[in-house]
Amino acid sequence: MSVGIPIRRLWPEPSTQQLDDAALTTLYGRADEPRLRVNFVASLDGAVTLDGYSAGLSGQPDKRVFGVLRMVCDALVVAAGTLRHEGYRAVRLDERRRAWRREHGLAEYPTLVVVSSSLDLDPAQAAFADAPTRPIVLTHAEAEPPPGLTDVADLLRCGTGRVDLAAGLAELHRRGLTQLLCEGGPHLLGALTAADLVDELCLTVAPLLAGPGPGRITAGDTAPPRHLPLRHVLAAEDGVLMLRHARP
């Protein structure tokens, strides 16, 4: 498995040994119980984007962890706005990662789950049209799909007037999608936090100051603080820190 820019563990049990992808897979492995893991990248001063996109904050070490997180999940959850803005393509994995999933009794590809209240979605976007596994759109009872959306995705309706995230996640669990990875955006993270549904946050801290303007990784209505203890700290030789916080 590839190594690239070296990543080492700082805490707990600091080590000078480089972490290969197998070691990263162990550190970010699957849980025995249902779990919602959130993955974000931010600057030192808390910006969630650089020049309007998260890609400007992400480097090779972050992309390695990003790939591992996608490999071990059952479903990838993303807000419709993030899907559109970031130009999501079909969720595909290379043969090495597909082989890992087959060896562990998983489908070759995780299922894409798009959270959308308005159903302002383009069925021709590659995330839908080219998906190797039929995506799920989590919405509410009154939302009207655009023509062609139900040809390329299944609608999961939970809630009246707005998406009931707790009910939606429970239905995903019932369908066997218990290890969920959320990649944002900020309003979805804010809503998940308010509903107390976030079990884990994986945060990559890029070693730069973005300056004023960009928003934080979370947005939306005020919610009570949620305590997530630190589980590990990894550091890459390019100065990137990777933090993992999770419920007990």
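Here the structure is shown first, and the text comes after it.
A.B. asks: I keep staring at the pairing of strand E10 (residues 241-246) and nothing clicks. Help me out?
C.D. replies: Every other side chain in a regular strand lies on the same face of the sheet, so the side chains alternate between the two faces. With six bridges joining them, strand E8 (residues 200-206) and E10 adopt antiparallel strand pairing. Bridge assignment links Glu200 to a residue of E10, and that residue is Ala246. Between the antiparallel neighbours strand E9 (residues 230-236) and E10 lie four residues, among them Gly239 with a positive phi of about 95 degrees.

A.B. asks: Explanation requested: the layout of surface pockets in the structure shown.
C.D. replies: The rolling of a water-molecule-sized probe over the atoms marks out the regions of remaining empty space. Size it by volume and the largest pocket reaches roughly 1200 Å³. The wall of the largest pocket is formed by 44 residues, among which Ala79, Thr82, Glu183, Gly185 and Pro186 lie closest to the centre. Of all elements in the fold, only strand E2 (35-43), helix H2 (60-72), helix H3 (80-85) and helix H8 (186-194) reach the threshold of two or more residues within the lining of the largest pocket. Tallying contributions element by element places H8 first for the lining of the largest pocket, with six residues. Each residue belonging to the lining of the largest pocket can be placed in one class, and the counts come to 18 nonpolar, 16 polar and ten charged. Of the pockets and cavities examined, the second largest pocket occupies roughly 510 Å³. Along the wall of the second largest pocket there are 23 residues; nearest its centre are Leu189, Thr193, Arg216, Ile217 and Thr218.

A.B. asks: Hey, could you run me through the nonpolar core in this one?
C.D. replies: Considering soluble globular proteins, one finds that nonpolar side chains tend to be buried as a cluster. Counting residues in each nonpolar core, the largest one holds 33 residues, and the members touching the most others are Leu138, Leu165, Leu180, Leu188, Leu192 and Ile217. Taken together, the elements giving at least two residues each to this core come down to E2, strand E3 (75-79), strand E4 (111-115), strand E5 (136-139), helix H7 (165-174), strand E7 (179-182), H8 and E8. Non-local contacts of Ile217, meaning those with residues more than four positions away in its chain, are made with Phe40, Val41, Ala42, Gly46, Val48, Pro186, Leu189, Leu201 and Leu203. One finds Ala80, Leu112, Leu119 and Leu149 within the second-largest nonpolar core, a separate group that totals 30 residues.

A.B. asks: I'm lost on helix H4 (residues 95-103) in this one. Help?
C.D. replies: Turn by turn, an α-helix covers 3.6 residues, leaving residues three or four places apart pointing in a common direction. Among the residues of H4, those classed as buried are Arg97, Arg98, Ala99, Trp100 and Arg101. The inward-facing, buried residues of H4 contact helix H1 (21-27) and H2. Following H4 by one or two positions, Gly105 has its phi on the positive side, about 75 degrees.

A.B. asks: Looking at this structure, I do not really get empty space enclosed by the protein. What am I missing?
C.D. replies: Using the criterion set out here, one finds two cavities of 30 Å³ or more in the structure. Of the volumes computed, that of the largest cavity is approximately 70 Å³. Looking at the largest cavity, the residues that line it are Arg30, Arg35, Leu36, Arg37, Leu69, Val72, Cys73, Gln179, Leu180 and Leu181. Among the secondary structure elements, those contributing two or more residues to the lining of the largest cavity are E2, H2 and E7.

A.B. asks: I'm lost on the side chain of Thr139 in this one. Help?
C.D. replies: Here Thr139 lies in strand E5. A polar atom in the side chain of Thr139 sits 2.7 Å from the backbone oxygen of Ser116. Ignoring any residue separated from it by four or fewer positions in sequence, one finds Thr139 in contact with Ser116, Ser117, Leu119, Leu156, Arg157, Cys158 and Val163.

A.B. asks: I'm lost on H8 in this one. Help?
C.D. replies: Of the positions making up H8, those classed as buried are Leu188, Leu189, Gly190 and Leu192. Lining the buried residues of H8 we find E2, E3, E4, H7 and E7.

A.B. asks: Please clarify how the sheet that holds E5 should be interpreted in this entry.
C.D. replies: Two strands in a sheet stick together by hydrogen bonds in their backbones, pointing the same way (parallel) or opposite ways (antiparallel). With respect to topology, ten strands assemble into an open sheet ordered E1-E9-E10-E8-E2-E7-E3-E4-E5-E6, the strand pairing being mixed. Whereas interior strands pair on both sides, the edge strands pair on one side only; in this sheet they are strand E1 (7-11) and strand E6 (154-157). Adjacent strand axes in the sheet meet at a mean angle of 25 degrees when their direction is disregarded. Both E2 and E8 contribute to a ladder of seven bridges, which runs parallel. Bridging across to E8, Val41 finds its partner in Thr204. Against the sheet, H2 engages E1, E2, E3, E7, E8, E9 and E10, with an angle of about 165 degrees to E2.

Calculation criteria
- Residues numbered from 1 in each chain as written.
- Predicted model: local features only at pLDDT ≥ 70, side-chain atom pairs only at ≥ 80, totals over all residues.
- Heavy atoms only, no water.
- Pairing = 2+ DSSP bridges.
- Helix = DSSP H or I, 4+ residues; strand = E, 2+ residues; numbered from the N terminus.
- 1 Å grid on protein atoms, 1.4 Å probe; cavity = no way out; pocket = protein on both sides within 12 Å on 5 of 7 lines; lining within 4 Å.
- Points joined across faces, edges and corners; volume = space filled by probe spheres on them.
- Nonpolar A, V, L, I, M, F, W, Y, C, P; charged D, E, K, R; others polar.
- Core = buried A, V, L, I, M, F, W, Y, C linked by side-chain atoms within 4.5 Å.
- Buried < 20%, exposed > 50% of the residue type's maximum accessible area, 1.4 Å probe, protein only.
- Contact = heavy atoms within 4.5 Å.
- Polar contact = N/O pair within 3.5 Å; in protein donor to acceptor, adjacent residues only side chain to side chain.
- Axes fitted to C-alpha atoms, helices over the stretch in contact; angles between N-to-C directions.

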